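# Survey of secondary and tertiary structure
One letter stands for each residue in the lines below.
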Amino acid sequence: MGRMPSAERRRQLVDAAIRAMTRDGVARTTTRSICAEAGVSLSVFHYCFESKQALLEAAIEAITGNYVARVMSAVEPGATLRETVRGALQTYWDHVTAHPGEHMLTYDLTQYALREPGFEHLARAQYEQYVVSAGALVEQVRALRGFEPRVPVETIARYLAAVIDGLTLQFLVLGDEKTAATQLDLTADQLVLLIEG
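Now for a quick tour of the structure. Just so we're clear, the structure is a prediction, and the values are computed from it rather than from any experiment.

## What to know about the packing of aromatic side chains
One pair of aromatic rings is described through two measures. These are the centre distance and the angle between the planes. One pass over the structure, following the stated rule, counts five aromatic pairs. Seen from their ring centres, Tyr92 and Trp93 are 6.3 Å apart, and the 55° between their planes marks the pair as tilted. Of the two residues examined, Tyr92 and Trp93, each falls in the buried class. With a centroid separation of 5.6 Å and 85° between ring planes, the pair formed by Tyr112 and Phe119 is classed as edge-to-face.

## Some remarks on a nonpolar patch on the surface
Taken together, Leu169, Val173 and Leu174 make up a surface patch of nonpolar side chains, about 310 Å² in accessible area. Secondary-structure assignment places Leu169 in helix H8 (residues 153-174).

## A short note on empty space enclosed by the protein
For the coordinates displayed, the defined rule picks out three cavities of 30 Å³ or more. Put simply, the largest cavity is a space of about 370 Å³. Along the wall of the largest cavity there are 20 residues; nearest its centre are Tyr67, Tyr92, Tyr130, Ser133 and Ile164. Residue assignment for the lining of the largest cavity shows that the elements contributing at least two residues are helix H4 (52-74), helix H5 (81-98), helix H6 (100-115), helix H7 (120-145) and H8. Taken together, the residues of the lining of the largest cavity break down into 14 nonpolar, five polar and one charged. What the second largest cavity holds in volume is close to 100 Å³. Along the walls of the second largest cavity sit Val85, Ala88, Leu89, Leu137, Val138, Val141, Phe147, Leu160, Leu191 and Ile195, which together make up its complete lining. Taken together, the residues of the lining of the second largest cavity sort by class into 10 nonpolar, no polar and no charged.

## Overview of H7
Here H7 contains 26 residues, and its C-alpha end-to-end distance of 38 Å stays within 8% of the 38 Å for a straight helix at 1.5 Å per residue. Turning to H7, the residues buried within the fold contact H4, H5, H6 and H8. Taken from the residues just after H7, Gly146 is the one with a positive phi, measuring 65°.

## A look at the packing of H5 against H6
Interaxial distance between H5 and H6 falls to 5 Å at its minimum, and their mutual angle equals 95°. The angle between H5 and H6 places the two elements in the roughly perpendicular class. Side by side, H5 and H6 meet where Tyr92, His95, Val96, Thr97 and Ala98 of the first sit next to Pro100, Glu102 and His103 of the second. Taken together, the residues that form the contact of H5 with H6 break down as four nonpolar, three polar and one charged.

Reading the values: rules and limits
- All residue numbers here refer to positions counted from 1 along the written sequence of the relevant chain.
- Where totals are concerned, whole chains, interfaces and linings use all residues; where local detail is concerned, this predicted model gives features only for residues with pLDDT of at least 70, and gives and counts side-chain atom pairs only at 80 or more.
- To get the side-chain values, all heavy atoms of the structure are used, and hydrogens and water are removed first.
- A pair of Phe, Tyr and Trp rings is counted when the ring centres sit within 6.5 Å of each other, with Trp represented by its six-membered ring. The angle between the planes then sorts it: under 30 degrees is stacked, over 60 is edge-to-face, the rest tilted.
- Three labels apply to residues, based on accessible area from a 1.4 Å probe with only protein chains included: buried if under 20% of the type maximum, exposed if over 50%, partly exposed otherwise in between.
- Surface patches are defined over residues having more than 30% relative accessible area and no salt bridge, joining like charges when they lie within 9 Å and nonpolar side chains (Val, Leu, Ile, Met, Phe, Trp, Tyr) when within 5 Å.
- Every accessible area reported is derived by Shrake-Rupley at a probe size of 1.4 Å, with residue values counting cover from the shown protein chains alone.
- A pairing counts as a salt bridge when a side-chain nitrogen of Lys or Arg comes within 4 Å of a carboxyl oxygen of Asp or Glu.
- Strands are runs of DSSP state E lasting at least two residues, helices are runs of H or I lasting at least four, and both sets are numbered from the N terminus onward.
- Using protein atoms alone on a 1 Å grid, points that fit a 1.4 Å probe yet trap it form a cavity, whereas open point sets bounded by protein on both sides within 12 Å along at least five of seven lines form a pocket; residues with an atom within 4 Å of a point count as lining.
- Grid points are joined across faces, edges and corners, and a volume is the space filled by probe spheres set on the points.
- Throughout, the ten residues Ala, Val, Leu, Ile, Met, Phe, Trp, Tyr, Cys and Pro are labelled nonpolar, Asp, Glu, Lys and Arg are labelled charged, and all others, Gly among them, are labelled polar.
- Take the number of residues in a helix, subtract one, and multiply by 1.5 Å to get its expected span.
- In this description, contact between two residues means that some pair of their heavy atoms is separated by no more than 4.5 Å.
- Working convention: axes come from line fits to C-alpha atoms, limited for helices to the stretch in contact. Angles between N-to-C directions cover 0 to 180 degrees.
- For this classification, under 35 degrees means roughly parallel, over 145 means roughly antiparallel, 65 to 115 means roughly perpendicular, and everything else is oblique.

See the structure below:
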C-alpha cells in the first residue's frame, strides 16, 4: 500500500476497528485483526496509535461524532419546536434501525472499558461525549428556533443522553419498533416541556 498522510491512515485504522469490533466484539478484536481488516502492517498501527486503548478512544469519538454530525446536519426548523425536536430524534433513530450492529458496539465498548483495568476512563469519556453531543444538538435547536430554555442546557443534555441511551438499548434487546416510536414521541414532548416550560 502506498504512502498515506498520518491522519488518513489513522482514520483508515479507526474505520477498520469499528468494522472488526462490530462483527467480532471488542474483546475478540486484536490489533492484528484490525490491521488485517485495514490491509496494513502492524508497524503502521504502532506508528499511528500508541496502544489499543488509544485506538478505542478514537473509535468512540468517531462513532459519536458521526451520529452527532448526521443529526445536526438534518436539524430543520419545523412548524413547531416539537416538530423540530422530533425530526432530530428521528434522524438518529433511522441510523439505529439501519445499523443496529454499530449501536450494539457502543455498549460493548462501554462494558469492555469498565471491565478492563486501565480502560475505565474510556467509558466515562464515552458517556461525557454523549452529553456534550446532546448539548450541541440542543444548542443548535435553540439557535434555530430562537429561544432560551427554562432549564440549563447541560441539564437537558444529560437527560437527553440518558433517555436516548436507554431507548437504544431497549430497542436492540426487544426490537419493538412501534414501542420505540411511541417512546420517541414521548421524549420529544418531554424535551419541549423542559425547553419551553
